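# Structural description and commentary
Given next are the chains, with one letter for each unit.
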Amino acid sequence: LHLLSRRQRQMCIRDREIDVKITIVAVGIKQPGWADTAIEDYLNRFPKDWQVSVKAVKPELRAGQSKEKIMQIEAERIRAAIPEHSIMVALDERGRDFTTVDFSKKISAWRDAGDSVAFIIGGADGLDADLKKEASMMMRLSSMTLPHAMARVMLAEQVYRAFSILTNHPYHRA
């Protein structure tokens, strides 16, 4: 597919109905209502061949435990929530900074390769260092620190925007 023109690739992809499987795995069960509403809105916009979902992972209780221990326990829960054979992308403030168009190109490459992707959003203390090492890549949504609910909404929106770019949907107008 990579040797074909963009138009030829799109025709091949339409003909064979490639499923895009993207999972957002995020620590934290209870989110503000506005965040749940926004995420649900974006998830409902995808067509059936784009399987985009959010899996919430229970945060570990602080109860006198060290930050490192909390992140290790949460990392195990995250690993258990990641669909088998998924490419793991850890969200981290020191991760790669993508433009929207570059992000859509990355999703396109994963789609064309038939890869499933799991984006990982850590808990209040971040992500375990070993889990970050296991990730295929680290990316950031912003140079600023974001509330976890906002990160979920922004990631869901950017995945939808990437979809709109890749399918020439009018949502993305730049």
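This text goes with the structure placed above it.
In what follows, the accompanying structure is described. This one's a predicted model, so the numbers in the text were calculated from it and none came from an experiment.

Cut-offs used in this document
- Residues numbered from 1 in each chain as written.
- Predicted model: local features only at pLDDT ≥ 70, side-chain atom pairs only at ≥ 80, totals over all residues.
- Heavy atoms only, no water.
- Helix = DSSP H or I, 4+ residues; strand = E, 2+ residues; numbered from the N terminus.
- Buried < 20%, exposed > 50% of the residue type's maximum accessible area, 1.4 Å probe, protein only.
- Contact = heavy atoms within 4.5 Å.
- Areas by Shrake-Rupley, 256 points an atom, 1.4 Å probe, with all protein chains shown as cover.
- Axes fitted to C-alpha atoms, helices over the stretch in contact; angles between N-to-C directions.
- Parallel < 35°, antiparallel > 145°, perpendicular 65-115°, else oblique.
- Left-handed = near helix turned anticlockwise from the far one by under 90°.
- Nonpolar A, V, L, I, M, F, W, Y, C, P; charged D, E, K, R; others polar.
- Pairing = 2+ DSSP bridges.
- 1 Å grid on protein atoms, 1.4 Å probe; cavity = no way out; pocket = protein on both sides within 12 Å on 5 of 7 lines; lining within 4 Å.
- Points joined across faces, edges and corners; volume = space filled by probe spheres on them.

### Digging into the overall build of the chain
A tally of helices and strands in the chain yields six helices and five strands. Put simply, the chain has 174 residues, and 45% of those count as buried. A separation threshold of at least 6 residues defines the contact pool for the chain, and within that pool the share at least 24 residues apart is 81%. For the chain, the accessible area works out to roughly 9,800 Å², and carbon and sulfur atoms hold 51% of it.

### Focus on unusual backbone geometry
Most peptide bonds take the trans configuration, and most residues that are not glycine carry a negative phi. Backbone geometry places A63, a non-glycine residue, at a positive phi of 25 degrees. By the secondary structure assignment, A63 is in the loop between β2 (50–57) and α3 (67–81). A63 sits in the exposed class, given a relative accessible area of 71%. A positive phi angle is found at H85, which is not glycine, with a value near 70 degrees. Within the element layout of this structure, H85 appears in the loop between α3 and β3 (86–97).

### Brief notes about the packing of helix α2 (residues 33–45) against helix α6 (residues 148–166)
Axis separation between α2 and α6 bottoms out at 9 Å; the angle between their running directions is 15 degrees. Overall, the two elements α2 and α6 adopt an arrangement that is roughly parallel. Handedness of the α2/α6 crossing: left-handed. Contacts from W34, A35, A38, I39, Y42 and R45 of α2 reach α6 at A149, M150, R152, V153, A156, E157 and Y160. Of the residues contributing to the contact of α2 with α6, the split by class is 10 nonpolar, no polar and three charged.

### Digging into the sheet that holds strand β4 (residues 116–121)
The strands that make up a sheet are held in pairs by hydrogen bonds between backbone atoms, and each pair lies either parallel or antiparallel. Strands sit in the order β2-β1-β4-β3-β5 across an open sheet of five strands; the sheet is parallel. Of all the strands in the sheet, the pair left with one neighbour each is β2 and β5 (137–140). If you compare each strand with its neighbour and ignore which way they point, the axes differ by 30 degrees on average.

### Section: the layout of surface pockets
Size it by volume and the largest pocket reaches roughly 470 Å³. For the lining of the largest pocket, the elements supplying multiple residues, two or more each, are β3, β5 and α6. The biggest single contributor to the lining of the largest pocket is β3, with four residues.

### Things to note about the pairing of β5
Because side chains alternate across β5, one face comprises the buried residues M137 and M139, and the other comprises M138 and R140, none of which is buried. Relative to β5, β3 runs parallel, the two sharing five bridges. Looking across to β5, one finds that A90 is bridged to M138.

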